[in-house]
Amino acid sequence: MLGAVTVHLAGIDIPIRAWIAAAACNSLLSIGARALVRQMLLAVYRKGDNRLRIVIYGAGQTGQQLAAALKTDRSVEIIGFVDDNPTLQSQTISGLKVHSPIKVKALCDKRQVDRVILAMPSVSLPRQRQISRRLNEMGCETRLLPSFAEMMNRTANSEEQRFDANAVLNRARLEDQIPETGESYEGKVVMITGAGGSIGSELCRQIFSCKPKKIVLVDHSEFALYAISKELHALNRRIKIASVLMSVTDRKGIERVMRSKGVQVVLHAAAYKHVPIVENNELAGLWNNVFGTKITAEAARSVGVERFILVSTDKAVRPSNVMGASKRLAELVIQDLATRSSGTRFSMVRFGNVLGSSGSIIPLFEEQIASGGPVTVTHPEVTRFFMTIPEASRLVLLAGSFTRGGDVFVLDMGQPVRIAQVARQMIEAAGYSVRDHDNKDGDIEIRYIGMRPGEKLHEELLIGQDMLTTPHPKILRAREGRLSEIQVASALNDIRLAIESGDSEAARAAAFKWSMPTDDYKDASTAQLIS
């Protein structure tokens, strides 16, 4: 306008069409400049933030619904679609270009894609797994997305499959066959050490159903203690709960807690149990598992606790690793105290691998399968006994009602199971196929990595063959040899001196020497006493 007035006053005659054209060009340049500045600012913003760049594999209804949902999320940037349908490729859907699968690798590299989401719920699960494996091999991280209807209403026909732990047991589950033991714990003050662990936390839950007067939770992990305490408070606020952050090696502290809380029953589940870690940390493992048990048991006897039950392991039978040796020594300590205790009744429960416990093979295999494999097994023929967490916990509680003093209870767990077979079952249950020399196009490989230090090919539950019955047909009482009071004192002294001097090799040697079956070292120990 200003230009038109100026030109008119100057007497210059410019056609009206020229003015219209100039105005149109000016508008276009102004809009273009603003759009350019906007895109530059958005580019700077996107470069400066930490947005997740994704590609949606599947431009169908589910993929479009996912794109529409994610467009409102400022932490996510959708790069585009990928689809196997040639008629959709090169089209633009919901403002996003559809690419061919053969261009996925180049697209991910060029646009720095963080993740590819498979939004194809109508495609069979094996086909989805195959696509996922191919993308993983290209270096593209993938996730599988079910349909929205499926997420809202999962049915038995859902593609999501869960592993059935019953297949591992190779026998019928027994928790329903193990009777309730509520009368043995009702109205009692029960202390559970290692209360935040896999077995300890399940013991807490089952003890709650027995209506105790009070439950005392002891754990040296603050988070584990908080988690189980919070869960129990939500279950029943009428039962008193005392959460004690303490190590079982705190002699004065453990005795003080037992005395002040009026503890009547102790379930001792606190232990370092991961074989490779304890194998490389002998001193800490022996101190916690052996002396922690001794300190807690002696405190129980001193205070006058009615019953003390030790949770043990099949790795304590003819141990080949430090963890197993430490648990066998803990058993020997309890057996010795049982012979010298007129008030407290001591017993122990020995069982095999517990399905789903921390560090067990089931969570490990699930994690390896979720990441596309391989699933690692130490040896093709390695076997283990398995039981469920409810079975293990019910057995511990039942042992407390059966005990006469110094008893070793074991559960009839059927035949041992090959770990390689467990790996195969879990892979197939997840919808994958096993990749081996017979099926080179399979999804996940089972890789044998060799036996770890101190690991056995086969575990045992019994040191001897003498077994006694109990009121329950599936629970047996083992009759096993034990050390004398002098021998136990010598064993503890040897290990204590090694720990105090920081001598790992001496501690290891002493642990294996004294944890051998009594028949193996009877002559040696007798000669030592005579000398």
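Here, every reference points to the structure presented above.
Per chain, residues are indexed from 1 in the order of the written sequence. Reporting of local features is limited, given that this is a predicted model, to residues whose pLDDT is at least 70; pairs of side-chain atoms are given and counted only at 80 or more, and all residues count toward the totals for whole chains, interfaces and linings. The side-chain numbers reported here are obtained from all heavy atoms of the structure, hydrogens and water having been left aside.

> If you had to explain the overall build of the chain to someone new, which residues and values would you point to?
The helix count covers DSSP runs of H or I at least four residues long, the strand count covers runs of E at least two residues long, and both are numbered beginning at the N terminus. When helices and strands are tallied, the chain shows 20 helices and 22 strands. Counting over 531 residues, the chain shows a buried share of 49%. Note on areas: Shrake-Rupley with a 1.4 Å probe; residue coverage comes only from the protein chains shown. Per element, the accessible surface of the chain, about 26,600 Å² overall, is 53% carbon and sulfur. When a residue's accessible area, from a 1.4 Å probe over protein chains only, is under 20% of the maximum for its type it is buried; when over 50% it is exposed; and in between it is partly exposed.

> Can you tell me about unusual backbone geometry, naming the residues and giving the values?
Backbone geometry places Ser-90, a non-glycine residue, at a positive phi of 75°. Phi is positive for Lys-211, close to 60°, though the residue is something other than glycine. On the basis of relative accessibility, which here comes to 58%, the residue Lys-211 falls in the exposed class.

> Which residues make up the packing of aromatic side chains, and what are the values?
Only centres within 6.5 Å qualify two rings of Phe, Tyr or Trp (six-membered ring in Trp) as a pair; their planes then separate them into stacked at under 30 degrees, edge-to-face at over 60, and tilted for everything else. Summed over the entire model, instances satisfying the criterion amount to two aromatic pairs. Each ring, one from Phe-308 and one from Phe-346, has its centre 5.5 Å from the other, and the planes form 50°; the classification is tilted. With Phe-308 in strand S11 (residues 307–313) and Phe-346 in strand S12 (residues 345–351), this residue pair connects regions lying 38 residues apart in the sequence. One exposure class covers both Phe-308 and Phe-346, and it is buried.

> So, the sheet that holds strand S4 (residues 96–99): which residues are in play, and what are the values?
By this definition, two strands are paired if DSSP reports at least two bridges between them. Reading across the sheet, the six strands line up as S3-S4-S2-S1-S5-S6 and stay open at both edges, with mixed pairing between neighbours. Of all strands in the sheet, those bounded by a partner on one side alone are strand S3 (92–93) and strand S6 (142–144). In terms of strand pairing, strand S1 (residues 52–57) meets strand S5 (residues 115–118) through four bridges, oriented parallel. Paired with Val-55 across the bridge in S5 is Val-116. Packing against the sheet, helix H4 (residues 104–111) makes contact with S1, strand S2 (76–82), S4 and S5, and its axis sits at approximately 160° to S2. Contact definition: two residues touch when any of their heavy atoms are within 4.5 Å. To obtain an axis, a line is fitted to C-alpha atoms, over the contacting stretch when the element is a helix, and the angle between two such axes runs from 0 to 180 degrees between their N-to-C directions.

> Help me get a handle on the sheet that holds strand S20 (residues 444–448), residues and values and all.
Across the sheet, which stays open at both edges, the three strands sit in the order S14-S20-S19 with parallel pairing between neighbours. Of all the strands in the sheet, the pair left with one neighbour each is strand S14 (375–377) and strand S19 (434–435). On top of the sheet, helix H17 (residues 419–429) reaches S14, S19 and S20; it is set at about 165° to S20, its chief contact.

> Lay out the packing of helix H14 (residues 322–339) against helix H19 (residues 504–515) in plain terms, naming residues and giving numbers.
Where H14 contacts H19, the two axes come as close as 9 Å, and the packing angle between them is 55°. Taken together, H14 and H19 sit at an angle that is classed as oblique. For the crossing formed where H14 meets H19, the hand is left-handed. Residues Val-322, Ala-325, Arg-328, Leu-329 and Leu-332 of H14 lie in contact with H19, whose contacting residues are Arg-508, Ala-511, Phe-512, Trp-514 and Ser-515. When its residues are assigned to classes, the contact of H14 with H19 shows seven nonpolar, one polar and two charged. By definition in this entry, angles of less than 35 degrees are roughly parallel, angles greater than 145 are roughly antiparallel, angles of 65 to 115 are roughly perpendicular, and the rest are oblique. Should the near helix be turned anticlockwise from the far one by less than a right angle, the crossing is left-handed, and should it be turned clockwise, the crossing is right-handed. Throughout, the ten residues Ala, Val, Leu, Ile, Met, Phe, Trp, Tyr, Cys and Pro are labelled nonpolar, Asp, Glu, Lys and Arg are labelled charged, and all others, Gly among them, are labelled polar.

> Any details on the pairing of S1? Residues and values, ideally.
The element S1 is extensively covered by neighbouring structure, given that five of its six residues are classed as buried. Direction of pairing for S1 relative to S2: parallel, over a ladder of six bridges. Considered in S2, the bridge of Val-55 is made with Gly-80. Place the viewer so that the strands point away; then a crossover is right-handed whenever the path from the first strand over the helix to the second strand goes clockwise. The β-α-β motif built from S1, the intervening helix H3 (residues 61–70) and the parallel element S2 has right-handed crossover chirality.

> Explain the pattern of salt bridges to me, and be specific about the residues and the numbers.
By salt bridge we mean one thing: a side-chain nitrogen of Lys or Arg within 4 Å of a carboxyl oxygen of Asp or Glu. Considering all chains together, one arrives at 19 salt bridges under this definition. For Glu-279, the salt bridge identified is with Arg-508, shortest N-O distance 2.6 Å. A residue pair is termed long-range when its members are at least 10 positions apart, and Glu-279 in helix H12 (residues 275–280) and Arg-508 in helix H19 qualify at 229 residues. On the basis of relative accessible area, Arg-508 is assigned to the buried category, the value being 18%. For Asp-436, the salt bridge identified is with Arg-424, shortest N-O distance 3.2 Å. Here the residue Asp-436 occupies a position in the loop between S19 and S20, and Arg-424 occupies one in helix H17, the gap between them amounting to twelve residues. According to the relative accessible area criterion, Arg-424 is partly exposed, its value standing at 29%. In the salt-bridge network here, residues are joined through shared partners; they are Arg-53, Glu-77 and Arg-111.

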